[in-house]
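# Descriptive analysis of the structure
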Amino acid sequence: MSTLAVNVEEKLFQNRYKVDAGRPHITIKDAAVCSNTCRSQACTYVCPAACYKSEGNRMVTLITDGCLECGSCRVICTEHSNVAWEYPRGGHGVLFKFG
Amino acid sequence: MPEQFDAIVVGAGPSGNTAAYTMAKAGLKVLQIERGEYPGSKNVQGAILYADALEKIIPEFRDDAPLERHVIEQRVWVMDDQSFVGTHFRSEDYNKPPYNRYTIIRAQFDKWFSTKVREAGALLICETTVSELIMDGDTVRGVRCDRGGGEVYADVVILADGVNSTLARKAGFHGELPAQNVALAVKEILFMPEETIQARFNIGEEEGVVIELMGTVTEGMVGTGFLYTNKDSLTIGVGCMLSDFKANPNRTKPYELLEKLKRHPSIAPLIAGGEMKEYCAHLIPEGGFHAIPKVFGDGWMIVGDSGGFVNAAHREGSNLAMTTGRLAAETVIAAKAAGKAMSARTLKAYKDALDESFVMKDLHKYRDMPQVLHSSPQFFNTYPGLLTGAAKTLFTVDGVDKKTKERQIFGSFKAARRWSGLFSDAFKLLRAFR
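Residues numbered from 1 in each chain as written. Chains lettered and ligands numbered in written order. Predicted model: local features only at pLDDT ≥ 70, side-chain atom pairs only at ≥ 80, totals over all residues.

Along the backbone of chain A there are four helices and six strands. Traced from its N-terminal end to its C-terminal end, chain A shows the element sequence α-β-β-α-α-β-β-α-β-β. For chain A, the C-alpha radius of gyration of 14 Å lies close to 13 Å, the compact-globule estimate for 99 residues. Considered along the principal axes of its C-alpha atoms, chain A spans approximately 40 × 35 × 20 Å. Within the span of chain A, comprising 99 residues, buried residues form 41% of the whole. In chain A, of all internal contacts separated by at least 6 residues, the share reaching a separation of at least 24 is 66%. (Helix = DSSP H or I, 4+ residues; strand = E, 2+ residues; numbered from the N terminus. Rg over C-alpha atoms; globule rule 2.2 N^0.38 Å. Buried ≥ 20, exposed ≤ 12 C-beta atoms within 10 Å, placed from the backbone. Contact = placed C-beta atoms within 7 Å.)

Structure follows, in structure tokens:
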């Protein structure tokens, strides 16, 4: 059982980003699928940057600003293929200093 | 008439840089496109560099490549929450140049490699994402970018665009990655003085240690952790199969797993006081031999992670990336010299070269490993505890006689796996490795 409280925002704060304001590179295709059809909502705990949040009303919200561009959310959404996933526009997104 | 190149390379990681370097050095007109601000800014690895693969491309790389420490000691720790049982292999033979492997920091290493690519004559464009391949029927003619002129053409396009392999997927060359074929790894880099690292890890200047970790650190998921020594920083991370993260009933988040590892009583003193300066995540294609897609066709080839070229059993990836990049480039050079069109028929020479190289030979050798590990979580959730338990029973002096202790240890193995389980596990491992 995981009892450890980890503030991932603090970790992400160390990273460098060039956010493409208003143009998220990943979007949820159909919000209703997340709320009504997807039982596990695995993106809300698998995403290593906690971009996906499960809201009280079973809505899943996505904010891509902290995205590490790993691709996990797209790969795990196998049953529903509900993630439209592109790389950010050239030069945008996470800019690793060390990688 | 838009500009025509001999070859376009998408991506500037180890495979893309090797391909572009090799072709440019042979006098071909090469365009390399990278989506990051500079080569390396999108790339994530542990990271260990195996000298051999790079030596074949840039023999004098040690003169100016940014290398952190050469590795003289390899540790493997099998852990439970309180303890570890470990094997260490350290040899002075690893301390004599030319060194066999190094720890590196990828953002710096890839940037260095890229200067070599440009010196060789390739044209590099950064901050440009390739959105799709330009197709003419089944033949790749070029790429469409999200910036500048938009479209560029070449006789052949080498896809070195990383594990997500977006371009090949969009073109329908292969399907989506199954979650059981990729590992999700997260890691942090922790800075501390060189002297502190040297004292804590029992090493001298420029000498390095790598520690691979398995056991309860992955909460029963198939995966491993790692701790590597850089010059004045440590890299610590943990990775598990993505399908296991998804199916984990505890819904453990990757960064929680990493935090738990950092707080392990055997790890915490090694990293104490380290200043965390970056947190990364990355997928590693670990499907092995059976997961390798078609890697060539009319006007295209796939190299590196994009083609799934990782030997998970030996934690090798960047050397396979460089080797596949080199073999693809040599295929283009030979075809060009012979005046052949870059058809699937011509480019099949790339696959033949791969089959002849250590790349496919090693992947073939471990072809059953992914399946064995998937069907045998006991290697990750049962045996580590049995091993640490056995060690504790054996080494604790408490008045119990040794014969009884021996019986307790055997009893614990038998109770957990029964004789049949122990035998079949031994057989499975043997088969996967042989």
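Now, onward.
Looking now at the interface of chain B and chain A. At the junction of the two partners, chain B supplies 47 residues and chain A supplies 31 residues. Those elements that place two or more of their residues in the side of chain B that touches chain A are helix H3 (106-119), strand E11 (182-191), helix H6 (242-247), helix H7 (254-262) and strand E15 (275-285) of chain B. No other element matches the eight residues that E15(B) contributes to the side of chain B that touches chain A. Across the side of chain B that touches chain A, the residue classes break down as 19 nonpolar, twelve polar and 16 charged. (Nonpolar A, V, L, I, M, F, W, Y, C, P; charged D, E, K, R; others polar.)

The two faces of the sheet receive side chains in turn, since in a regular strand these alternate between them. Residues and elements named next belong to chain B. Most of strand E1 (residues 4-10) is tucked away, with five of its seven residues classed as buried. Two strands pair when backbone bridges link them, and E1 and strand E10 (residues 151-159) are joined in this way by six bridges, in the parallel orientation. Paired with Ile8 across the two strands is Val157, which belongs to E10. Across four bridges, the pairing between E1 and strand E2 (residues 30-33) is parallel. Of the residues in E2, the one forming a bridge with Ala7 is Val30. (Pairing = 2+ DSSP bridges.)

Moving on, we get to the environment of Ser114(B). Inspection of the secondary structure assignment puts Ser114(B) in helix H3. Linking Ser114(B) and Val85(B), residues 29 residues apart in sequence, is a C-alpha distance of 41 Å.

How big an interface is tends to be expressed through the accessible area that disappears when the partners come together. Here the domain parsing of chain B yields domain 1 (4-67 + 104-175 + 293-356), domain 2 (180-285) and domain 3 (370-433). Here the C-alpha centroids of domain 1 of chain B and domain 3 of chain B sit 44 Å apart. (Domains from an automatic or database assignment.)

All names here are of chain B. The residue Asp63 is located in the loop between helix H2 (51-55) and strand E4 (69-79) in this model. Judged by local crowding, Asp63 falls into the exposed class, with 7 C-beta atoms found within 10 Å. Spatially, the C-alpha atoms of Asp63 and Thr115 are 14 Å apart, while their sequence positions differ by 52 residues.

Residue and element names in this part refer to chain B. One way to put it is that helix H1 (residues 14-25) packs onto H3 with a least axis distance of 9 Å and a crossing angle of 20°. Compared by their axis directions, H1 and H3 come out roughly parallel. Seen from above, H1 lies across H3 with left-handed handedness. Side by side, H1 and H3 meet where Asn17, Ala20, Tyr21 and Ala24 of the first sit next to Asp110, Phe113, Ser114, Lys116 and Val117 of the second. (Axes fitted to C-alpha atoms, helices over the stretch in contact; angles between N-to-C directions. Parallel < 35°, antiparallel > 145°, perpendicular 65-115°, else oblique. Left-handed = near helix turned anticlockwise from the far one by under 90°.)

On to unusual backbone geometry. All names here are of chain B. Of note, the bond from Gly46 into Ala47 is cis; its omega dihedral lies within 30 degrees of zero at 20°. Here Ala47 lies in the loop between E2 and strand E3 (48-50). With an omega dihedral of 0°, the bond running from Pro97 to Pro98 counts as a cis peptide bond. Along the polypeptide, Pro98 turns up in the loop between strand E5 (84-90) and strand E6 (101-103).

Further remarks concern the environment of Gln32(B). All names here are of chain B. The residue Gln32 is located in strand E2 in this model. The exposure class assigned to Gln32 is buried, which follows from the 29 C-beta atoms found within 10 Å. Distance from Gln32 to Ala122, taken between C-alpha atoms, is 7.0 Å for residues 90 residues apart in sequence.

In this section: the pairing of E2(B). Going residue by residue along E2(B), you find Val30(B) and Gln32(B) tucked away on one face and Leu31(B) and Ile33(B) tucked away on the opposite face as well. Once the chain exits E1(B) it traverses H1(B) before rejoining the sheet at E2(B), and the crossover so formed is right-handed. (Right-handed = clockwise from strand over helix to strand, strands pointing away.)

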